[in-house]
Amino acid sequence: MNKYDSEMIRTLLLKENFREVSNIEEANFVFLNTCAVRKNAEKRVLGRLDSLKGLKKEKPEISISVLGCVAKYNKELINHPVVDFVAPPDSYRSLVNAIKTKKKELVPEKYCEQYSDIFTSAFKTSVYLSITRGCNHFCSYCIVPYLRTQLRSRPADDILKEAEKLVAEGANEITLLGQNVNAYYYKGLLFPDILKKVSEIKGLKLLSFLTSHPADLPENLFYVMAKFPIISRYLHLPLQSGSDKVLRKMMRRYTREDYLKIIERARDLMPDVTITTDIIVGFPGETEEDFRQTLKTVKSARFDQAYMFAYSKREGTLASLFPTQVKDSIKKDRLQRLIKIQNEITKSKAEELLGKELSVLTIENGKNGQKVGKTKNGRIIMLPGVAKIGFEYIINIYKINGWVPVGKIKKEADK
Ligand code: SAM
Ligand code: SF4
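These lines cover the structure that appears in this document, whether it is placed above or below. A quick note: this is a predicted structure, and the numbers were derived from the prediction, not measured. (Residues numbered from 1 in each chain as written. Chains lettered and ligands numbered in written order. Predicted model: local features only at pLDDT ≥ 70, side-chain atom pairs only at ≥ 80, totals over all residues. Heavy atoms only, no water.)

### Here we look at the sheet that holds strand β12 (residues 234-236)
The three strands lie next to each other as β12-β13-β14, forming an open sheet whose pairing is parallel. Every interior strand has two partners, whereas the edge strands, β12 and β14 (305-310), have only one. Strand-to-strand twist of the sheet, defined as the mean angle between neighbouring strand axes without regard to direction, takes the value 10°. For β12 and strand β13 (residues 274-281), the ladder comprises three bridges, and the chain directions are parallel. Within β13, the residue paired with His 236 across the bridge is Thr 276. Its contacts with the sheet place helix α11 (residues 256-269) against β12 and β13, and it is angled at close to 165° to β13. (Pairing = 2+ DSSP bridges. Helix = DSSP H or I, 4+ residues; strand = E, 2+ residues; numbered from the N terminus. Axes fitted to C-alpha atoms, helices over the stretch in contact; angles between N-to-C directions. Contact = heavy atoms within 4.5 Å.)

### A word on the nonpolar core
Counting 69 residues, the largest nonpolar core has Ile 174, Leu 176, Val 198 and Phe 209 as its most contacted members. Look past the residues within four positions of Val 198 in its chain and what remains in contact with it is Ile 159, Leu 160, Ala 163, Leu 176, Leu 204 and Leu 207. Val 30, Ile 64, Cys 69 and Leu 147 belong to the second largest nonpolar core, which has 21 residues in total. (Core = buried A, V, L, I, M, F, W, Y, C linked by side-chain atoms within 4.5 Å. Buried < 20%, exposed > 50% of the residue type's maximum accessible area, 1.4 Å probe, protein only.)

### Observations concerning the packing of aromatic side chains
Under the criterion given, the structure shown has nine aromatic pairs. Taking the centre distance of 5.8 Å and the plane angle of 20° together, the rings of Tyr 92 and Tyr 115 count as stacked. Here the residue Tyr 92 occupies a position in helix α5 (residues 92-101), and Tyr 115 occupies one in the loop between β4 (105-106) and β5 (126-130), the gap between them amounting to 23 residues. Comparing Tyr 92 with Tyr 115, the two get one shared label, buried. Seen from their ring centres, Phe 283 and Phe 322 are 6.0 Å apart, and the 80° between their planes marks the pair as edge-to-face. Of the two residues, Phe 283 sits in the loop between β13 and α12 (288-301) while Phe 322 sits in the loop between β14 and α13 (328-351), which places them 39 residues apart along the sequence. According to the relative accessible area criterion, Phe 283 is buried, its value standing at 0%. These aromatic residues form a ring-pair network of at least three members: Tyr 141, Phe 283, Tyr 311 and Phe 322. (Phe/Tyr/Trp six-rings, centres within 6.5 Å; stacked < 30°, edge-to-face > 60°.)

### Quick look at the site of ligand 2
Around ligand 2, the neighbouring residues are Cys 135, His 137, Phe 138, Cys 139, Tyr 141, Cys 142, Val 144, Pro 145, Gln 179, His 213 and Arg 252. Each residue belonging to the shell around ligand 2 can be placed in one class, and the counts come to seven nonpolar, three polar and one charged. (Near = heavy atom within 4 Å. Nonpolar A, V, L, I, M, F, W, Y, C, P; charged D, E, K, R; others polar.)

### Notes on the layout of surface pockets
For the second largest pocket, the calculated volume is near 680 Å³. Around the second largest pocket, the lining is made up of 22 residues, and of these Leu 13, Glu 20, Val 21, Phe 29 and Phe 31 lie nearest the centre. Every element with two or more residues in the lining of the second largest pocket is listed here: α1 (2-15) and β1 (29-34). Broken down by element, the residue count for the lining of the second largest pocket peaks at six residues, all from α1. Its residues assigned to classes, the lining of the second largest pocket shows 11 nonpolar, six polar and five charged. (1 Å grid on protein atoms, 1.4 Å probe; cavity = no way out; pocket = protein on both sides within 12 Å on 5 of 7 lines; lining within 4 Å. Points joined across faces, edges and corners; volume = space filled by probe spheres on them.)

### Quick look at the packing of helix α7 (residues 156-168) against helix α8 (residues 191-199)
At a closest axis distance of 10 Å, the pairing of α7 and α8 adopts a crossing angle of 30°. Between α7 and α8, the crossing angle belongs to the class labelled roughly parallel. Here the hand of the crossing between α7 and α8 comes out right-handed. In contact with Ala 156, Ile 159, Leu 160 and Ala 163 of α7, α8 contributes Ile 194, Lys 197 and Val 198. Its residues placed into classes, the contact of α7 with α8 shows six nonpolar, no polar and one charged. (Parallel < 35°, antiparallel > 145°, perpendicular 65-115°, else oblique. Left-handed = near helix turned anticlockwise from the far one by under 90°.)

### What about empty space enclosed by the protein?
The tally for this structure, following the rule as stated, stands at two cavities of 30 Å³ or more. By volume, the largest cavity is sized at about 70 Å³. Around the largest cavity, the lining residues are Tyr 4, Met 8, Gln 114, Tyr 115, Ser 130, Ile 131, Thr 132, Arg 133, Arg 152 and Arg 154. Elements with a contribution of two residues or more to the lining of the largest cavity: α1 and β6 (132-133). Residues that form the lining of the largest cavity fall into these classes: four nonpolar, three polar and three charged. Its volume calculated, the second largest cavity comes out at about 40 Å³. Lining the second largest cavity are Lys 205, Leu 206, Ser 359, Val 360, Leu 361, Lys 374, Thr 375, Lys 376 and Glu 392. Residue assignment for the lining of the second largest cavity shows that the elements contributing at least two residues are β15 (357-365) and β16 (371-375). If you tally residues by element for the lining of the second largest cavity, the top one is β15, at three residues.

### Remarks on the sheet that holds β5
Strand order in the open sheet made by the three strands is β5-β8-β11, with parallel pairing throughout. Strand pairing shows two members of the sheet lacking a second neighbour, β5 and β11 (206-210), which therefore form its edges. Ignoring strand direction, the axes of neighbouring strands in this sheet form an average angle of 25°. Taken together, the five bridges between β5 and strand β8 (residues 173-177) define a ladder with parallel strand orientation. Bridge pairing links Leu 129 to Leu 176 in β8. α7 contacts β5 and β8 of the sheet and is inclined by roughly 170° relative to β5. On top of the sheet, α8 reaches β8 and β11; it is set at about 155° to β11, its chief contact.

Shape descriptors only; they carry no functional weight alone.
Spelled out as structure tokens, the structure:
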């Protein structure tokens with residue numbers, strides 16, 4: 001979401017004749033876009049600001065702005081010695097003007113800003129496109145609804161205009177974004193309707209989406225995913241916990257059984273669907289037995305990959321008031337145990353691909369001169385450096401590097 005927002009802010013700035021420079025020493029304006037979901041992300045912002053002290057001393061006229069969720073979570077940042085502007089998520093239009101005329105400001109937000117008329121550019125062939133902002137769920141651990149406020153869905157016409165522009169500029173994968181993307185609703189159109197409309201854009205090769213909430217899945221979503229080959233059969237569906245007691249306290253609105261039924265249905269309709277998840281360990285009141293329920297669920301769900309976090313207390317959320325916070329040492333231990341089990345599953349899922357022939361779209365440069373590719377079901381595959389970005393290849397998986405399958409090119413897909 002922040003990557004998309006950064007592109008959107010870049011678009012706003014370029015419209016006002018700002019010019020981008022490739023190294024910070026040449027800049028007159030510096031923008032840090034930030035995340036407040038966990039304490040660690042917030043700490044990184046403070047570290048980054050400290051590292052800018054030298055630059056600010058050498059060049060006092062440089063203007064430094066803190067954008068994003070930390071700007072709203074910690075408005076005190078306006079008193080930080082290097083900070084000139086603090087601009088929360090709904091304030092960017094005012095920020096663009098403020099930096100031209102003012103010296104220091106906590107930039108005021110517009111109510112439920114949508115930035116719907118701002119169309120980003122395709123700086124890469126694989127791009128994001130935000131279709132909703134905010135969230136109405138109020139999961140008890142999560143700060144997002146307080147900082148990004150209520151869910152609003154972007155008008156379908158603007159989504160299509162931006163998607164067409166991105167494809168015309170060379171994008172061939174678009175990932176539709178929302179904190180809870182499947183809750184999209186605009187004038188009678190639901191999320192699967194938007195998926196279908198965007199998938200019809202000529203020239204688009206892969207259409208992905210993030211993040212889905214298990215309690216908001218539209219009835220026909222999996223049918224649409226299964227039917228239209230351009231739509232990625234990739235589902236990022238956060239589980240958060242495998243204990244019904246913890247899920248209830250998290251206010252997630254589904255049970256472990258509901259969740260397992262959903263992924264079973266997805267796999268019935270799309271046998272090659274890739275399913276990834278988010279899991280939090282050490283939520284307040286989580287007992288060893290609750291945690292074992294999570295391990296049990298992870299073993300039966302067999303996720304292709306999981307993003308696993310220790311619970312991080314966020315002031316202002318309901319869970320921060322729960323009296324039975326779990327000790328850091330226990331959270332750490334549970335996180336390591338969970339990661340160990342999921343890593344084994346991730347590896348064995350990757351090994352299932354050995355020897356398989358797959359169609360892969362090259363999306364970006366990877367490490368060591370390799371290229372990064374993506375399959376029609378959202379699996380990341382490493383490709384040799386000769387693969388051209390934006391091209392589709394038929395490849396053969398010949399080895400697994402860590403958990404990542406590595407492919408040999410057989411031929412270009414449409415030759
Ligand atoms: N909207 C998505 C959903 O409902 O699952 C996820 C959005 S959230 C920004 C991304 C992930 O961060 C969540 O799925 C959750 O696992 C994690 N997260 C959010 N708040 C957290 C907290 N207080 N401590 C640890 N992890 C947290
Ligand atoms: Fe946070 Fe996602 Fe829950 Fe919304 S649905 S409150 S963004 S975890």
